[in-house]
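Analysis of the macromolecular model
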Amino acid sequence: MTFIKTILLPIHRKCLINQRRYLSSKDIRNIGILAHIDAGKTTTTERMLFYSGKTRSLGEVHRGNTVTDCLSQERERGITICSSAVTFPWNEKKINLLDTPGHIDFTMEVEQSLYAVDGVVVVLDGTAGVEAQTVTVWSQAEKHRLPKISFVNKMDRPDADFDKCVNDLSSKLDAKPICIQYPHKDERGNLSVYDIIRLEHVMWNPQSLGRVYKSEAITDENLLLELLDRRNNLIDQLSGVDDNLADVVISSEGFDKVTNEMIYAALRQATCQQKIVPVLLGSAYKNVGIQKLMDAVIDYLPHPQERNQLYDCFEKDFVGKVFKIVHDKQRGPLTLVRVLRGAMTKSMRLTSTRAQSETVGKIYEPLADEYREISTVEAGDVAICSGLKHTVTGDLLVTSATSLKNAQKRLQKQLGKQESAETTTTEDIETDLINEIFSLEPQIPDAVYFCSIEPPSVSYQNAMELALKQLQREDPSLRVSYDSVTGQTVLGGMGELHMDIIKSRILSEYKIEVDLGPLQIAYKETIEEPAVNTFGIEKEIAGSKQSVAITLELVKDSKELFSLHKTSETTNNLQALRPRTLQVIRKGCISALERGPKVGGQVVETQIRLHSVTIGRGTADSFLMAAAAQCVQKILSENETRLLEPIMALQIVVPSERTSNILSDLSRRRAVINDVLPKGDKNKLILVNAPLAELSNYSSILRTISSGTASMTMQPCGFSQMQSNDEDQAIRRAQGFE
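Residues numbered from 1 in each chain as written. Predicted model: local features only at pLDDT ≥ 70, side-chain atom pairs only at ≥ 80, totals over all residues. Heavy atoms only, no water.

1. Here we look at the pairing of strand β25 (residues 488-493)
The condition is simple: Only protein chains enter the area calculation, which uses a 1.4 Å probe; residues under 20% of their type maximum are buried, those over 50% are exposed, and those in between are partly exposed. Here a strand is any run of E in DSSP of at least two residues, a helix any run of H or I of at least four, and the numbering for each starts at the N terminus. DSSP-based pairing: two strands are paired if at least 2 bridges between them are found.
Counted residue by residue, β25 has five buried out of six residues, so it is predominantly covered. By the bridge criterion, five bridges tie strand β23 (residues 449-454) to β25 in an arrangement that is antiparallel. Within β25, the residue paired with C451 across the bridge is L491. Relative to β25, strand β24 (residues 479-483) is paired through five bridges, and the arrangement is antiparallel. Along β25, the bridge assignment pairs V480 with L491. Taking the residues that link successive antiparallel strands as the turn, the β24-β25 hairpin has four residues, and the phi of G487 there is positive, at about 75°.

2. Here we look at the packing of aromatic side chains
Here is the rule: Two aromatic rings from Phe, Tyr or Trp, using only the six-membered ring of Trp, form a pair when their centres are within 6.5 Å; if the ring planes differ by under 30 degrees the pair is stacked, by over 60 it is edge-to-face, and anything between is tilted.
Summed over the entire model, instances satisfying the criterion amount to four aromatic pairs. The interplanar angle of 90° and the centroid separation of 5.8 Å between the aromatic rings of F162 and Y182 together place this pair among those described as edge-to-face. A residue pair is termed long-range when its members are at least 10 positions apart, and F162 in helix α6 (residues 162-173) and Y182 in strand β8 (residues 181-185) qualify at 20 residues. A relative accessible area of 4% places F162 in the buried class. Taking the relative accessible area as the measure of exposure, Y182 reaches 16% and is therefore buried. When the centroid spacing of 6.5 Å and the interplanar angle of 25° are considered together, the rings of Y311 and F314 count as stacked.

3. Description of the confidence of the model for the protein chain
The line we're drawing: Confidence scores per residue from the predictor, reported as pLDDT, run from 0 to 100. Any pair of residues with heavy atoms lying within 4.5 Å of one another is described as a contacting pair.
Chain-level statistics for the protein chain give a pLDDT mean of 85 and a share of 89% at 70 or above. Predicted confidence is poor over residues 6-22, with pLDDT under 50, and the contacts of this stretch with residues over four places away or in other chains come to 34 contacts. Of the regions scoring below 50 in pLDDT, residues 422-430 engages in four contacts with residues more than four places distant in sequence or in other chains.

4. Section: the packing of helix α7 (residues 221-239) against helix α8 (residues 243-252)
So the rule is basically this: Simply put, an axis is a line fit to the C-alpha atoms, just over the touching stretch for a helix, and the angle between two N-to-C directions goes from 0 to 180 degrees. Here roughly perpendicular refers to angles of 65 to 115 degrees, roughly parallel to angles under 35, roughly antiparallel to angles over 145, and oblique to all remaining angles. Think of it as three bins: nonpolar holds Ala, Val, Leu, Ile, Met, Phe, Trp, Tyr, Cys and Pro, charged holds Asp, Glu, Lys and Arg, and polar takes everything else, Gly as well.
Relative orientation of the contacting elements α7 and α8 amounts to 120°, with a least axis distance of 8 Å. Between α7 and α8, the angle is such that the two are oblique. The residues of α8 that touch α7, namely those facing I235, L238 and S239, are L245, A246 and V249. Of the residues contributing to the contact of α7 with α8, the split by class is five nonpolar, one polar and no charged.

5. Re the sheet that holds strand β30 (residues 544-556)
Backbone hydrogen bonds hold the strands of a sheet together, and the pairing may be parallel or antiparallel. What the four strands build is an open sheet, ordered β29-β30-β33-β31; its pairing is mixed. Because the sheet does not close on itself, it has two edges, and the strands there are β29 (531-541) and β31 (562-564). Geometrically, the sheet is characterised by an average inter-axis angle of 30° between neighbouring strands, direction not taken into account. Sheet topology places β30 next to strand β33 (residues 606-615); nine bridges connect them, and they run antiparallel.

Dropping the structure here:
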């Protein structure tokens, strides 16, 4: 029997949107697409929009006409820079999809997007398998405890290897992949798919741009036996994680009585419990496999009611998570919100967790940079709202401060009951849960580069500061600070591409031709040995005498920044200090660690211990804070510190005959060669850790050495202490002598 399915595009986009009202959150799927750069995330998203009827034509990355890559910089470079939200219907369900960047410089975009989704689709390049950034985004999804589906893309290419990709999922990501499809190519190289569960052959019609596909029963006996063996293996794997399926297998003493519906139910439950990862395949560019992927999103990934139970402490009150902010020229700042409980309506008054009162303006359905106004958003859905002036990425929006306090009390009460019922302490778990729900500050990765930024003239200074403020509100990984020593505005970013994009956006969106100074490595500093010092100062300010004498100690410790050094001699002095005074001293001390004595890098792995402090009557808090900071700076300047430099992890793919040239060049760059592995028949994969200072413009150098045959990916992997001669060279370079 042959089953042919055709997806017809509607004449008007609105007619499909309004075919059905989504009354239940069970009809919604909030998903993110994650992958290494150039694995095909945006192309896959474009096909989903096309086959669902949301768009009338297929956008292509190389043509710069995709829906989700709406920034001019994205279309020029052919990469995703900012995550984009789109909404489309499929099989009488609603899918909210976030297309995320694959480049390591924009990993913060991925991190914030994961707060808004209930599951993810991890796209693999069928020719490369699990790559460096795949590991990064997988770890981010694991941190958010998100169920996953894997889609092996580019399976139409001759060098694609499906089995290797599946093995990579198991060996490199410690996942349990369950293959529900298997690839097939005819004599012309056209890709089709075997459905292992239904034992069918699914083929797409290329003349219809993949809208028409058919499923045929397998008639070849040898092929049917092979697929049946794969189906039995799938059932065997599933029965190991699903008790109901295991009972059927044991009672029937075989796999014959296991129905397709039983398999689907077991797949869904095990996927939602993060025990397995269903693996599908296709080719987004060749329009193969996308409809089956959308079916899998509906069938296997959880709906909102199956996730985020922690927010039940808000009961029926509204609560929403802000996961992205964009600035539109006509509408101003637009805030993307995932509604977790309650409903958000137009003109609704809200309070952020920063105690800022906000009023919702208009509400829009997300479709990248297109906006369709709607009146309300129910729990479990995603929407864009205007009018929020103070809210920043990562904020929680609630109906009122009272609602927030009541939710905190309910959660603490609930956790208290759990703790009394258990023998083991849950103090750490309680802290993690409360921080996860009510935390204000997103965890921002350390900058690896910084540079100065200057407007073309003084008249543009305010406009530049406003532009940077808006860009920083959109992108928390962009650091903007003012250097009081040089009088310059300093940007900190995740890489050369990140900084280049910021400059380009200021020019194209704000029409300011800013000048960026040379990129500087974001070194850090640390102390070598513990040191103690006393700092005393007396001054008369506005007729009032101010005096402070403070003794501090710096020790190597990465766990805590500030502590009290209580001994028999210092206990009385420290106990007499008021909590407010301690907070002022702590703030002054920690601020001094922001700038080290050698190159102005942040001082890390250092704890400040307060031994004693004597404060004169009438001394202002600001004077006390400054004295504490000066004491720390005095200790740092009088005692030796060491530089820590950022280290990058590189994956280099190079033809075997050119491997020796690459390795010789890396050895001159203070690189540590971790491994050289075979990749395919003719290539090698070189795994390297190298200092960022030695990798300036390295991608161009690599292409020169390999005559354009090598490729590389690079991502931060921590900091390392430098040798004395390398440190001296870094200081001279930072001071402009080299």
